[in-house]
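# Architecture at a glance
Residues per chain are reported as follows:
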Amino acid sequence: MNKRLIYIILLLFSFRIHAATVQKQIHINKGYFAALDTTYFYYLSYNSDSTFSQQSVLITLMQNDSLVLQIYNHDSVDHHFFIAGKASQKIASNGSATVRLLFTQFGINLFYDDLQFPKNMYLGLSGTIAVLEQGRDTKNFYWNLRDHQKQWNIQEGNTINLSQYDPDYFTINGQSFPVVQNDSLVKIMGKVGDTILLYMVNSGLSAHSIHFHGYHSRIVSTTSKTLKKNWEKDTYPLETMENIILELIPDKPGIFPVHDHNLVAISGGGRYPNGMLIMMEIK
Ligand SMILES: [Cu+2]
């Protein structure tokens, strides 16, 4: 076989491995969110099947993957699936729709329901599509930050009034400390010298400022208006709908808290500690 033919075959083969088509389902479910003090909230969620879960689906892809999403709406009203600059799809009540997307850029894509904005997003309709870089051996963690005001969630159909927003519950991927420690996508664990990436999005209505004890991390990318790529810091303020990817290479072992520096967010219904707090473990 001549060299050019071998080269072409290898090239075709490499495209095959590096560009997959990933099929996923997203189900829009309504239900009740359970806070740790046994408070229940009316809630909406993007889930991987038709069973309600207060933890949104997380989709991870490799760069250059195509995504075929089948979206089902089990609610009695219409919803949208929206990604800025990429997707805007209506899903009628009790209907479904197919969305096809190609992701060539490494990074975070926030998807949410832009209907009655920001109400449906606030009620839980947001999630993350994380696009990972080819060929990097990293330990990856994913945080979706959200805040809640109990009075707004007592029942379906409540109106929300942003001028009087005063959230009293705070979650990472739909759960709060200490239960959130059981979520292996949230609790940062690793060894000295590991390359740890934290993909973080704020889909709450409040600003949050995540602070690491023990380590500084490098900003790999961010949509923040104030933070810059490659800054090394230990606190990262995110406004609503902003995202960030952090790279942490631990230089020492230890168990350290990572938490929102806005300290009300490490409480829940007035109880402390709760909310946006984890204990990170580095061996
Ligand atoms: Cu602290």
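This report concerns the structure included in the present document.

Rules of the game
Residues numbered from 1 in each chain as written. Predicted model: local features only at pLDDT ≥ 70, side-chain atom pairs only at ≥ 80, totals over all residues. Heavy atoms only, no water. Donors = N, O, S within 2.8 Å, 3.2 Å for Na, K, Ca; no water. Helix = DSSP H or I, 4+ residues; strand = E, 2+ residues; numbered from the N terminus. Buried < 20%, exposed > 50% of the residue type's maximum accessible area, 1.4 Å probe, protein only. Pairing = 2+ DSSP bridges. Contact = heavy atoms within 4.5 Å. Core = buried A, V, L, I, M, F, W, Y, C linked by side-chain atoms within 4.5 Å.

Turning our eyes to something else, we now look at the coordination of the copper ion. At 2.0 Å from the copper ion lie its protein donor atoms, namely H213 (NE2) and H259 (NE2). Of this pair, H213 sits in the loop between β14 (208-212) and β15 (217-222) while H259 is found in strand β19 (residues 254-260), placing the two residues 46 residues apart along the sequence. On the basis of relative accessible area, H213 is assigned to the partly exposed category, the value being 31%. Judged by its relative accessible area of 9%, H259 is buried.

Moving on, we come to the pairing of strand β20 (residues 277-282). Relative to β20, strand β12 (residues 189-190) runs parallel, the two sharing two bridges. Within β20, the residue paired with G190 across the bridge is I282. Across six bridges, the pairing between β19 and β20 is antiparallel. Bridge pairing in β20 links H259 to L277.

Residue position: N144 is located in strand β10 (residues 139-148). Judged by relative accessible area, N144 falls into the buried class, the value being 7%. When residues no more than four places from it in sequence are discounted, the contact partners of N144 are S126, G127, T171, I172, N173, V201 and S203.

Reading across the sheet, the five strands line up as β12-β20-β19-β14-β17 and stay open at both edges, with mixed pairing between neighbours. Each edge of the open sheet is held by one strand with a lone partner, namely β12 and β17 (235-238). The sheet contact formed by β14 and β17 spans four bridges and is antiparallel. Among the inter-strand pairings, H211 is bridged to a residue of β17, identified as T235.

Judged by nonpolar contacts, the single largest core of 34 residues is most densely connected at I26, F81 and I129. Sort the elements by how many residues they give to this core and strand β7 (residues 96-103) lands first, with four residues. When residues no more than four places from it in sequence are discounted, the contact partners of I26 are Y46, N47, V57, I59, L69, Q70, I71, Y72, F81 and F111. Listed in part, the 31 residues of the second largest apolar core include L198, Y215, I244 and M280.

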